[in-house]
Amino acid sequence: ERLLTRTGFGPVRGPGVQIVVDDSPSGVPTEVVRDTDLAQLVDALWSVGAEGIAVNEQRLTVLSSIRNVGTAVHVNGVPLAPPYVVEAIGNPDTMPADLATSPRGAAFFGLADALTLVYSIRGQSELALPAAPLRPLRWADETGAVENGASGTDPAGDADAGEQRVSAKEGGTS
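Residues numbered from 1 in each chain as written. Predicted model: local features only at pLDDT ≥ 70, side-chain atom pairs only at ≥ 80, totals over all residues. Heavy atoms only, no water.

1. Quick notes on the overall build of the protein
Here comes step 1: From N to C terminus, the protein includes four helices and 11 strands.
Here comes step 2: Taking all 174 residues of the protein together, 36% fall into the buried category.
Here comes step 3: A separation of at least 24 residues holds for 68% of the contacts in the protein among residues at least 6 apart in sequence.
Here comes step 4: Surface summary for the protein: the accessible area is close to 9,700 Å², and the carbon and sulfur share equals 54%. (Helix = DSSP H or I, 4+ residues; strand = E, 2+ residues; numbered from the N terminus. Buried < 20%, exposed > 50% of the residue type's maximum accessible area, 1.4 Å probe, protein only. Contact = heavy atoms within 4.5 Å. Areas by Shrake-Rupley, 256 points an atom, 1.4 Å probe, with all protein chains shown as cover.)

2. Focus: the nonpolar core
Here comes step 1: Counting 28 residues, the largest nonpolar core has Leu 38, Leu 41, Leu 45, Ile 53, Val 55, Val 86 and Leu 99 as its most contacted members.
Here comes step 2: For this core, the element with the most residues is helix α2 (residues 35–47), which contributes five residues.
Here comes step 3: If near-sequence neighbours (up to four positions away) are discounted, Val 55 is found in contact with Leu 38, Val 42, Leu 60, Val 75, Leu 80, Val 85 and Val 86.
Here comes step 4: Grouped together as the second largest cluster of nonpolar side chains are five residues, Val 12, Ile 89, Leu 127 and Leu 129 included. (Core = buried A, V, L, I, M, F, W, Y, C linked by side-chain atoms within 4.5 Å.)

3. Regarding the pairing of strand β4 (residues 66–69)
Here comes step 1: Going residue by residue along β4, you find Ile 66 and Asn 68 tucked away on one face and Arg 67 and Val 69 left uncovered on the opposite face.
Here comes step 2: Alignment of β4 against strand β5 (residues 72–75), held across four bridges, turns out to be antiparallel. Pairing of Ile 66 across the sheet is with Val 75, part of β5. (Pairing = 2+ DSSP bridges.)

4. Points about the environment of Gly 16
Here comes step 1: When you line up the elements, Gly 16 lands in strand β1 (residues 12–22).
Here comes step 2: Taking relative accessible area as the criterion, Gly 16 reaches 0% and is therefore assigned buried.
Here comes step 3: Separated by 78 residues in the primary sequence, Gly 16 and Thr 94 place their C-alpha atoms 9.6 Å from one another.
Here comes step 4: Dropping the residues within four chain positions of it, Gly 16 is found in contact with Ala 88, Ile 89, Gly 90, Pro 92, Arg 122, Gly 123, Gln 124 and Leu 127.

5. Digging into the pairing of strand β2 (residues 52–55)
Here comes step 1: Judged by which residues are buried, β2 turns out to be covered on both faces: Gly 52 and Ala 54 on one side and Ile 53 and Val 55 on the other are all buried.
Here comes step 2: Note: β2 against strand β7 (residues 84–89), four bridges, orientation antiparallel. Looking at β7, one finds that Ala 54 is bridged to Glu 87.
Here comes step 3: By the bridge criterion, two bridges tie β2 to strand β3 (residues 58–59) in an arrangement that is antiparallel.

6. Examining α2
Here comes step 1: Under the 1.5 Å per step criterion, the end-to-end length of α2 is 18 Å for 13 residues, consistent within 8% with the ideal 18 Å.
Here comes step 2: Asp 35, Asp 37, Leu 38, Leu 41, Val 42, Ala 44 and Leu 45 are the residues of α2 that are buried.
Here comes step 3: Where α2 ends, the next residue or the one after it, Gly 49, has phi of about 100°, a positive value. (Expected span 1.5 Å × (residues − 1).)

7. Some thoughts on the pattern of salt bridges
Here comes step 1: Tallied over the full model, the rule gives one salt bridge.
Here comes step 2: As a salt-bridge pair, Arg 13 and Glu 126 come within 3.1 Å of each other at their nearest N and O atoms. Taken together, the residues span a long stretch of sequence, with Arg 13 in strand β1 and Glu 126 in strand β8 (residues 118–129) at a distance of 113 residues.
Here comes step 3: For Arg 13, a relative accessible area of 60% translates into the label exposed.
Here comes step 4: Given the relative accessible area of 41%, Glu 126 is considered partly exposed. (Salt bridge = Lys/Arg side-chain N within 4 Å of Asp/Glu carboxyl O.)

Structure below.
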């Protein structure tokens, strides 16, 4: 259970901070929250000791991505819309000040101010972050070969040209 919580694949509850970030009220197309802005904020939160982070209820893991697709920000492949609610488990008494004085946090807040993004940060006595969904294992065989569904292969061995098999015994690909 502890491993699931630490990796993001288990739900977690505890005190922390909630940061709400929204586009500039100016309506200027370049003054909107982008994937890089949220990624910079998330990196800053990890650097000041966040134990778990979610953006608009999308739990972050080592496999998570924050990307723009057109004008939409996608987290874990899910399109999100502003305002972006970033919740981080950690000490709500020290995290806001630590965030503001950390190099990454200062860079985020400086950028947000320059773009006139609207943001707020509040300590929370209790947050509940959801678990990230586990990627399903499609099949495994006695040789240790596994398929997680990423390449569209099937267990009969018929594979797309991009198939990559991972051997659990050898830890390599073939």
